[in-house]
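Listed below, chain by chain, are the residues.
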Amino acid sequence: MPQLSDQAISREGWGSRLGFMLASVGSAVGLGNMWRFPYATSEHGGAAFVFLYIVMVFAMGIPLMGCEFVVGRHTKLSPVGALRTLGGRHWAIVGHLFVLVGFCILAYYSVITGWTLRYAIEALTIGLPADPAAHFDQVATGHDALAFHLLSMTVMIAVVAGGVRSGIERTSFILMPALFILIIGLAIWAFTLDGAAAGYSFYLKTDFGKLFSLKVLVAAAGQAFFSLSLGMGAMLTYASYLSRKENLPVAAVTISTADFLVAFIAGLVVFPIIFAFDLSGEISESTLGALFIGLPKAFAAMGNAGRFVAFMFFATLLVGALTSGISLLEVVTASAMDGKHHAARKKAALFMGAIIALVGAPCAYDLEILAIFDQVVGNVLLASGALALAFLVGWKMKNPTEEIAHGFEGPSWMLKGWHLTLRFVVPPVLILVLYQSIQDTWVVVGGMLSN
Ligand code: PHE
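Note that this is a predicted model, so its numbers are computed, not measured.

About the cut-offs
Throughout this description, residue numbers start from 1 for each chain and increase along the sequence as written. In keeping with the predicted nature of the model, local features appear solely for residues at pLDDT of at least 70, side-chain atom pairs appear and are counted solely at 80 or more, and the whole-chain, interface and lining totals rest on all residues. Calculated side-chain values reflect all of the structure's heavy atoms, with hydrogen atoms and water omitted. Runs of H or I in DSSP of at least four residues are treated as helices and runs of E of at least two as strands, each being numbered from the N terminus. Think of it in three bands: with a 1.4 Å probe and only protein chains considered, a residue is buried below 20% of the maximum accessible area for its type, exposed above 50%, and partly exposed in between. Proximity criterion: a residue is near a molecule or strand once any of its heavy atoms comes within 4 Å of it. Under this definition, polar contacts are N or O atom pairs within 3.5 Å; protein pairs additionally need one hydrogen-donor-capable and one acceptor-capable atom, and for neighbouring residues in sequence, both atoms have to be side-chain atoms. Accessible surface is estimated by sampling points in the Shrake-Rupley manner with a 1.4 Å probe; for residues, cover comes only from the protein chains shown. Think of a 1 Å grid over just the protein atoms. A cavity is a set of points where a 1.4 Å probe fits yet cannot get out, a pocket is an open set with protein on both sides within 12 Å along at least five of seven lines, and lining residues have an atom within 4 Å of a point. To be counted as sitting in a cavity or pocket, a molecule needs more than half of its atoms within 2 Å of that site's grid points. Under the grouping applied here, Gly and all other residues not named as nonpolar or charged are polar, the nonpolar ones being Ala, Val, Leu, Ile, Met, Phe, Trp, Tyr, Cys and Pro and the charged ones Asp, Glu, Lys and Arg. Between rings of Phe, Tyr and Trp, where Trp is taken as its six-membered ring, a pair exists when centres lie within 6.5 Å; planes separated by under 30 degrees are stacked, by over 60 edge-to-face, and by other angles tilted. As a reminder, the over-ring test applies to NZ of lysine and CZ of arginine, requiring each to be within 6 Å of the ring centre and within 35 degrees of the ring normal. Here, expected helix span is obtained from the residue count minus one, scaled by 1.5 Å. Bend at a given residue is defined as the angle between two axes, one fitted to the seven residues that end at that position and one fitted to the seven that begin there. For salt bridges, the criterion is a side-chain nitrogen of Lys or Arg within 4 Å of an Asp or Glu carboxyl oxygen. Grid points are joined across faces, edges and corners, and a volume is the space filled by probe spheres set on the points.

1. Concerning unusual backbone geometry
1) Next: For Lys 76, which is not glycine, the phi dihedral falls at a positive 55°.
2) Next: In this structure, Lys 76 sits in the loop between helix H4 (47–75) and helix H5 (79–87).
3) Next: The phi dihedral of Ser 229 falls on the positive side, at around 55°, and the residue is not glycine.
4) Next: Looking at where Ser 229 falls in the secondary structure, it is placed in the loop between helix H11 (214–227) and helix H12 (234–239).
5) Next: Using a relative accessible area of 11% as the deciding quantity, one classes Ser 229 as buried.

Spelled out as structure tokens, the structure:
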């Protein structure tokens with residue numbers, strides 16, 4: 001048993017089990033669900049993709065979330081200290097990499113959060129733009145984008161500075177139920193639209209050939225890591241505030257299922273709207289364009305009711321993005337607090353948040369820089385992080401099943417199965433995913449740089 005440090009012993013904790021669950025679902029549910037998932041599904045074979053995605057969530061995502069929970073709760077430290085405790089000095093470098101990945105995701109994620117904030121405010125105050133494409137250009141880049149990026153960082157800093165219980169947990173208690181109500185309300189409304197049937201059939205049109213495509217499998221796996229916030233220590237950090245009583249496997253299954261349901265329902269909202277207003281041309285151009293140009297066009301066509309729906313839609317997106325951003329900032333902040341200088345929470349959140357805001361500034365001026373950040377960090381680095389974690393817990397950590405058994409009430413063969421999956425199933429699939437995702441990134445980034 002490694003010695004727990006003083007900081008670990010005096011560490012903050014969640015006020016309740018539900019608080020931890022809501023905050024973790026808040027981390028998982030975000031732009032990945034409402035922006036990436038519906039398009040990945042329509043692009044990669046409809047129901048075939050959904051099926052492979054569910055397989056990936058169960059075969060890879062849930063075991064890996066278990067890994068993060070075990071490492072976090074066992075060490076009661078953020079990534080750097082946690083990996084050092086379990087793996088030794090060299091693993092601290094991997095921990096630093098995790099923090100850097102969180103840092104870089106938040107840098108561009110907060111720029112997109114800023115757009116959603118602006119769209120939500122505008123729907124309420126001035127209404128919908130006459131020319132959504134021109135409006136998007138104005139919102140997405142330049143000083144305007146920078147201003148809203150800074151505003152969304154400020155909100156995240158304020159929440160994280162408030163602490164685990166009175167900042168993150170309290171915010172999740174209010175925002176997450178609101179998100180569920182909003183998205184279900186939107187799905188019911190979308191069901192009543194004329195284009196609903198055409199939208200559903202486009203979304204879930206099944207191309208069974210894709211079931212056996214490596215590319216689709218890899219896309220499903222990559223989407224699973226991003227959407228479940230795995231591979232950079234977000235779930236690890238949240239679990240470091242947990243007590244030994246928590247049932248980790250049940251938590252992992254519940255969080256992953258909730259995350260999947262929100263993503264699936266988001267598709268049931270987006271596609272009927274697109275088809276009801278004959279905007280299918282928009283979705284072939286760019287996925288972000290569909291969300292920020294196509295949908296506003298549809299909302300505008302609906303008059304005053306459209307303004308209200310637009311507000312609901314962008315508020316949902318905003319809530320998802322904020323609670324995910326908060327978890328990213330928490331990783332970086334907790335690492336500064338656990339680090340050599342033992343920074344105080346408020347100072348750490350403010351200082352780190354300010355640097356992240358600065359690093360994200362170029363993304364607010366150039367969408368290609370933003371896309372490169374997303375491709376490299378959101379795909380390649382998360383998969384690498386997940387591989388490192390599976391290796392650490394599967395092969396290096398002594399008796400990980402003992403930690404996960406605390407609070408678990410099911411049969412012990414399940415825990416052994418988890419350990420074997422981490423050792424023999426997760427790493428080879430991850431190596432395939434990494435191979436494919438490095439190739440994709442090479443093509444995408446190469447194409448952008450040569451432009
Ligand atoms: N899961 C978040 C989403 O789906 C993104 C995220 C990734 C958050 C990694 C934290 C860590 O939008």
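2. Let's talk about the site of the ligand
1) Next: Taken together, the neighbourhood of the ligand is formed by 14 residues, with Ala 28, Gly 32, Tyr 109, Phe 226 and Ser 229 sitting nearest.
2) Next: A distance of 2.8 Å separates a nitrogen atom of the ligand from a polar atom in the backbone of Phe 226.
3) Next: Compared with its free state, where it exposes 330 Å², the ligand has 100% of that area covered by protein.
4) Next: The cavity where the ligand resides is the largest cavity.
5) Next: Sorting the residues of the shell around the ligand by element identifies helix H2 (17–28), helix H3 (31–43), H11 and helix H16 (304–338) as the ones contributing at least two each.
6) Next: Here the shell around the ligand is built from residues that sort into six nonpolar, eight polar and no charged.

3. Here's the deal with the packing of aromatic side chains
1) Next: Evaluated as defined, the whole model comprises 27 aromatic pairs.
2) Next: The ring of Phe 226 has Arg 36 sitting right over it, with the charged end atom 4.0 Å from the ring centre.
3) Next: Over the ring of Trp 395 we find Arg 423; its NZ or CZ atom is 4.1 Å from the centre of that ring.

4. Here's the deal with helix H18 (residues 367–396)
1) Next: Counted at 1.5 Å a residue, the expected span for H18 with its 30 residues is 44 Å, and the 41 Å between its end C-alpha atoms agrees.
2) Next: Of all bends in H18, the biggest is about 30°, found at Leu 381.
3) Next: Capping the start of H18, Asp 366 holds a side-chain oxygen 2.9 Å from the backbone nitrogen of Glu 368, two or three residues further along.

5. Examining the pattern of salt bridges
1) Next: Evaluation of the coordinates by the stated rule reveals 11 salt bridges.
2) Next: Residues Glu 246 and Arg 17 are paired through a salt bridge, measuring 2.8 Å at the closest nitrogen-oxygen approach. Of the two residues, Glu 246 is situated in the loop between H12 and helix H13 (248–276) and Arg 17 in helix H2; the sequence distance between them amounts to 229 residues.
3) Next: The class of Arg 17 is partly exposed, set by a relative accessible area of 45%.
4) Next: In this structure, Lys 215 and Asp 440 form a salt bridge, with 3.5 Å as the shortest nitrogen-oxygen distance. Placement of Lys 215 in helix H11 and of Asp 440 in helix H20 (residues 412–450) is noted, with a sequence separation of 225 residues between them.
5) Next: Among the residues examined, Asp 440 registers a relative accessible area of 26% and is labelled partly exposed.
6) Next: Salt bridges sharing common partners tie together Glu 12, Glu 330 and Arg 345.

6. With respect to empty space enclosed by the protein
1) Next: Overall, the coordinates contain four cavities of 30 Å³ or more when judged by the stated rule.
2) Next: By volume, the largest cavity is sized at about 140 Å³.
3) Next: Forming the boundary of the largest cavity are 17 residues, of which Ser 27, Phe 226, Ser 229, Ser 324 and Leu 328 lie nearest the centre.
4) Next: Only H2, H3, helix H6 (89–125), H11 and H16 provide two or more residues apiece to the lining of the largest cavity.
5) Next: Considering only residue class, the lining of the largest cavity consists of nine nonpolar, eight polar and no charged.
6) Next: Empty space within the second largest cavity amounts to approximately 60 Å³.
7) Next: Around the second largest cavity sit Tyr 119, Glu 122, Ala 123, Gly 127, Leu 128, Pro 129, His 135, Pro 296, Ala 310 and Phe 314, which together line it.
8) Next: Put simply, the parts of the chain that give the lining of the second largest cavity at least two residues each are H6 and H16.
9) Next: Partitioned by chemical class, the residues of the lining of the second largest cavity number seven nonpolar, two polar and one charged.

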